[in-house]
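A look at the structure
Each chain, written out:
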Amino acid sequence: MKILINGLHKDVTAQKLGAILLEAGYGDMRVATAVNGGFVAVEQRKEFEIEAGDQVEIVAPRQGG
Amino acid sequence: MTSFYGVCLPSAFMLGTSQYPSPAILAEAFRKSAASVATVSVRREAAGAHAGEGFWSLVRDLGVLVLPNTAGCYSASEAITTAKMARELFETDWIKLEVIGHSDSLQPDPFGLVDAAAKLCRDGFKVFPYTTEDLVLADRLLDVGCEVLMPWGSPIGTGLGLLNPYGLRSLRAHYPDVPMVIDAGIGLPSQATQAMEMGFDAILLNTAVAKAGDPVLMATAFSRAIEAGKLARDADPMEPRDMAMPSTPVIGKAFLQ
């Protein structure tokens, strides 16, 4: 199915957020996630269902003021 | 020593981690600043990039507390989601809450700010709201559970200093027991000293150090300026007066006419 990951169109086969992170190459990276604007905690990712057209945001620590 | 949500900071200097010429200069600037808090953010990560891990490792080595921000958020819901992502990544319930309402001035959106602050406080966050000197807004933020206020000196990144000293003095006087941090707009160490002399408890800045020609030297300058302002405030300064008054005794002056 087609989804958006960090604003880019991606074709993924997995249905759950945790599996999609693995499929997209995030492996065990230290990241936080949101789907369609809502936070998805790390312990929820394994069972969190993703649907076609969903917008997935994947973030990591960065410099800030 | 002022307590921020029960934490007494060894220094009144909070320093941002953005815009430095290099990670090494960032680290050295922090060492010279003696800052006790580093502000950080969350941003999109590319698969396999590991940029976030490298930065997080650098920040951990600074040995300071971390204050994540919600910079760039223009709505309460965006700020709340960002705050939750930051809490998970940085393992802290401290959040520098920014809900921007105007893209040119980066002025806070007071309505979105109070809305987001209320929800985050209920969710257990320790909210540091980026606000203005507005007394009504301060009142609302305290009402919804904020225990710290962070009024701006002037718009973010301008370096214009304290544009409304009257408003800031009023805010300080109305809430003498609320820890307050001047956040944003400080461009020179003398402005930080002025804010500390007015009774503010800490200074948060980034651009003035990071974009200086010599960030390490400027970090040192700010460190001393903030400490000087704090010492001056603690020393109970004299009241200014309109009329001149000689400091050298008049009595005993030789009559020479």
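These figures come from a predicted structure and were not determined experimentally.

What follows concerns the interface of chain B and chain A. On the chain A side, the residues contacting the 32 residues of chain B number 26 residues. Buried area between chain B and chain A, both sides added, is near 2400 Å², and the carbon and sulfur share of it is 57%. On the chain B side of the contact with chain A, Arg44(B), Glu88(B) and Leu89(B) bury the most area, a combined 28% of that side's loss. Linking chain B with chain A are four salt bridges. Across the pair Glu88(B) and Arg45(A) runs a salt bridge whose closest N-O atoms are separated by 3.2 Å. Linking chain B with chain A are 21 residue pairs in polar contact (both at pLDDT 80 or more), by the criterion used here. Counting residues per element, the ones that place at least two in the side of chain B that touches chain A are strand S4 (37–44), helix H2 (51–62) and helix H3 (76–90) of chain B. Grouping the amino acids of the side of chain B that touches chain A by side-chain chemistry returns twelve nonpolar, eleven polar and nine charged. Where strand S5 (residues 55–63) of chain A and S4(B) come together, five bridges link them in antiparallel fashion. Each bridged residue has a counterpart across the sheet, and for Arg62(A) the counterpart in S4(B) is Ser41(B).

The subject of this paragraph is the environment of Ile25(B). Residue and element names in this part refer to chain B. For Ile-25, the position within the fold is in helix H1 (residues 23–33). Residues Ile-25 and Pro-215, 190 residues apart in the sequence, show an inter-C-alpha distance of 7.3 Å. Residues within four places of Ile-25 in sequence aside, it is in contact with Tyr-20, Pro-215 and Val-216.

Another aspect to go through is the pattern of salt bridges. Per the stated rule, a full pass over the model turns up 16 salt bridges over all chains. A salt bridge links Arg62(A) to Glu45(B), with the shortest nitrogen-to-oxygen separation between them at 2.6 Å. Here Glu45(B) lies in the loop between S4 and H2 and Arg62(A) lies in strand S5, a pairing that spans two chains. Overall, Arg62(A) belongs to the buried group, its relative accessible area being 16%. Note on Glu45(B): relative accessible area 2%, which makes it buried. For Lys230(B), the salt bridge goes to Asp234(B), with nearest N and O atoms at 3.2 Å. Of this pair, Lys230(B) and Asp234(B) both sit in helix H9 (residues 215–234), four residues apart, which is roughly one turn of the helix. Take Lys230(B): its relative accessible area is 31%, and that puts it in the partly exposed class. Look at the salt bridges and you will find they share partners, linking Lys16(A), Glu47(A) and Glu49(A) into a network.

Residue and element names in this part refer to chain B. Tallying each qualifying case throughout the model produces five aromatic pairs over all chains. Relative to Phe-128, the ring of Tyr-5 has its centre 5.4 Å away and its plane inclined at 55 degrees; by these criteria the two rings are tilted. Residue Tyr-5 is located in the loop between strand S1 (3–4) and strand S2 (7–8), and its partner Phe-128 is located in strand S7 (residues 126–131); the two are separated by 123 residues in the primary sequence. Judged by relative accessible area, Tyr-5 falls into the buried class, the value being 14%. Here Phe-128 falls in the buried class, since its relative accessible area comes to 0%. Ring pairs connect the aromatic residues Phe-4, Tyr-5, Trp-94 and Phe-128, which therefore count as one cluster. Taking the ring centre of Phe-200 as reference, the NZ or CZ of Arg-172 above it sits at 5.8 Å.

The terminal C-alpha atoms of H2(B) lie 17 Å apart, and with twelve residues this matches the ideal 16 Å at 1.5 Å per residue to within 8%. Taken together, the buried positions of H2(B) are Gly52(B), Phe55(B), Trp56(B), Val59(B) and Leu62(B). The arc that holds every buried residue of H2(B), seen down its axis, measures 105 degrees, which confines them to one face. Residues of H2(B) that are buried in the fold lie against S5 of chain A together with H1, S4, strand S5 (65–68) and H3 of chain B. Taken from the residues just after H2(B), Gly63(B) is the one with a positive phi, measuring 70 degrees.

All names here are of chain B. An order of S6-S7-S8 is seen for the three strands of this open sheet, with the pairing classed as parallel. One side of each edge strand has no neighbouring strand; the edge strands of this open sheet are strand S6 (94–97) and strand S8 (150–151). Helix-sheet contacts for helix H4 (residues 110–122) involve S6 and S7, and the interaxial angle to S7 is about 170 degrees.

Thresholds, definitions, all that
Residues numbered from 1 in each chain as written. Chains lettered and ligands numbered in written order. Predicted model: local features only at pLDDT ≥ 70, side-chain atom pairs only at ≥ 80, totals over all residues. Heavy atoms only, no water. Contact = heavy atoms within 4.5 Å. Buried area = accessible area lost by both parts, 1.4 Å probe. Salt bridge = Lys/Arg side-chain N within 4 Å of Asp/Glu carboxyl O. Polar contact = N/O pair within 3.5 Å; in protein donor to acceptor, adjacent residues only side chain to side chain. Helix = DSSP H or I, 4+ residues; strand = E, 2+ residues; numbered from the N terminus. Nonpolar A, V, L, I, M, F, W, Y, C, P; charged D, E, K, R; others polar. Pairing = 2+ DSSP bridges. Buried < 20%, exposed > 50% of the residue type's maximum accessible area, 1.4 Å probe, protein only. Phe/Tyr/Trp six-rings, centres within 6.5 Å; stacked < 30°, edge-to-face > 60°. Lys NZ or Arg CZ within 6 Å of the ring centre and 35° of its normal. Expected span 1.5 Å × (residues − 1). Arc of directions from axis to C-beta. Axes fitted to C-alpha atoms, helices over the stretch in contact; angles between N-to-C directions.

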